[in-house]
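What follows is each chain in one-letter form.
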Amino acid sequence: MWRRVVTFVICPFFVTSALAQTPQPFPRGGAQPPATAPAQPAAPRTPAPAVAPPAPAPAAADPATPTEATLGFPIYPAAQFIASYDAGRAQRYYIFGSTASFNDLVTYYRTTLKEKGNLVFEEPPTHMFEIGRFNNETMAFPPGVTIKDWTSGGSKGYANPKPGTQPARFPSIIQIVPAPPAAATQR
């Protein structure tokens, strides 16, 4: 019984002393808080502007990206320029990636170019639209548009060479080869 009396007398003492402590900021280590600069007086508060800030400008296009005017051929909407390569004899290959299916691209270029084109390979499906005359002496490749299906045979697509950009892979690739500058003026 004596223990119960002591417990009832001492416990309220500990509980009240624990509750009376003021909370300390966390964490509490042995280090002193860093010295801070004296507080600056608060600036008078101005009301928020009624007009929302302007939307950020769209990312500037890469100046190396060719246009339909420079190529002389239409570029599929939303196709992304990947790279260009020297084809020889003053010609270049311009490579574009697209998330559109092979069939959608073929249909688009058939309609836009008003040409049927030719399926030159069944596996992987590759369709060519040769536009203009090919001159073996002045050209390395016939001017035109070539479309290749990169998902054929279970492939995941053409890997995007620009790290961290979307999409990670392109199902289809578009290759545009304009006529050399001298041949373009002779048409």
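Residues numbered from 1 in each chain as written. Predicted model: local features only at pLDDT ≥ 70, side-chain atom pairs only at ≥ 80, totals over all residues. Heavy atoms only, no water.

J.: Kindly report on unusual backbone geometry, identifying the contributing residues and their values.
T.: A cis geometry characterises the amide bond from E123 onward to P124, with omega recorded as -15°. Backbone torsion omega between Q166 and P167 reads -5°, so that peptide bond is classified as cis. Looking at the element boundaries, P167 is found in the loop between β6 (158–159) and β7 (169–170). One non-glycine residue, R89, adopts positive backbone phi at about 50°. Assessed through its relative accessible area of 47%, R89 is described here as partly exposed. Unusually for a residue other than glycine, A90 sits at a positive phi of about 65°. Tracing the chain through its elements places A90 in the loop between β1 (80–88) and β2 (91–98). (Helix = DSSP H or I, 4+ residues; strand = E, 2+ residues; numbered from the N terminus. Buried < 20%, exposed > 50% of the residue type's maximum accessible area, 1.4 Å probe, protein only.)

J.: Would you mind going over the pairing of strand β8 (residues 172–177) in detail, with residue names and values included?
T.: With respect to burial, β8 is a largely interior element, six of its six residues being buried. Alternating residues of β8 divide into S172, I174 and I176 and I173, Q175 and V177, and every residue in both groups is buried. Pairing analysis gives five bridges linking β2 to β8, with the strands arranged antiparallel. The residue bridging I95 from the neighbouring strand is Q175, located in β8. Judged from the six bridges that link them, strand β5 (residues 144–149) and β8 form a sheet pairing that is antiparallel. Bridge pairing links D149 to S172 in β8. (Pairing = 2+ DSSP bridges.)

J.: Give a detailed account of the nonpolar core, specifying residues and quantitative values.
T.: Of all hydrophobic cores here, the largest spans 20 residues; its most connected members are F96, Y109, F129, V145, I147, I174 and I176. At the level of elements, β2, α3 (102–113), β5 and β8 are the ones that each hand at least two residues to this core. Broken down by element, the residue count for this core peaks at five residues, all from α3. In this structure, I176 is in contact with L71, F73, P74, I75, R92, Y93, Y94, F96, Y109, G144 and V145, ignoring residues within four places of it in sequence. In terms of nonpolar packing, the next biggest core, distinct from the first, is built from five residues, A83, I95, F170 and I173 among them. (Core = buried A, V, L, I, M, F, W, Y, C linked by side-chain atoms within 4.5 Å. Contact = heavy atoms within 4.5 Å.)

J.: Give a description of the sheet that holds β8 that names residues and reports values.
T.: Read from one edge of the open sheet, six strands run β1-β2-β8-β5-β4-β3, paired in antiparallel fashion. Looking at the sheet topology across the chains shown, the edges are occupied by β1 and β3 (118–121). Recorded for the sheet is a direction-independent mean angle of 25° between the axes of neighbouring strands. Here strand β4 (residues 126–130) pairs with β5 via five bridges, running antiparallel. Bridge assignment links M128 to a residue of β5, and that residue is T146. (Axes fitted to C-alpha atoms, helices over the stretch in contact; angles between N-to-C directions.)

J.: Provide a residue-level description of the packing of aromatic side chains, including the pertinent values.
T.: Inspection of every chain in the model, using the stated rule, returns six aromatic pairs. Centre to centre, the rings of Y109 and F129 are 6.3 Å apart; their planes meet at 40°, and the pair counts as tilted. One end of the pair, Y109, is in helix α3; the other, F129, is in strand β4, and 20 residues separate them in sequence. Across this residue pair, the class does not change: Y109 and F129 are buried. Between W150 and Y158, the aromatic rings sit 4.9 Å apart at their centres with planes inclined by 75°, giving edge-to-face as the arrangement. Cluster of aromatic residues (ring-pair linked, three or more members): Y76, Y108, Y109 and F129. (Phe/Tyr/Trp six-rings, centres within 6.5 Å; stacked < 30°, edge-to-face > 60°.)

J.: Could you give an account of the pairing of β4, naming the residues involved and the relevant values?
T.: In terms of burial, β4 is largely enclosed, as four of its five residues are buried. Across three bridges, β3 lies against β4 in antiparallel orientation. In the sheet register, F121 faces β4, and the bridge partner there is T126. Connecting the antiparallel pair β3 and β4 is a turn made up of four residues.

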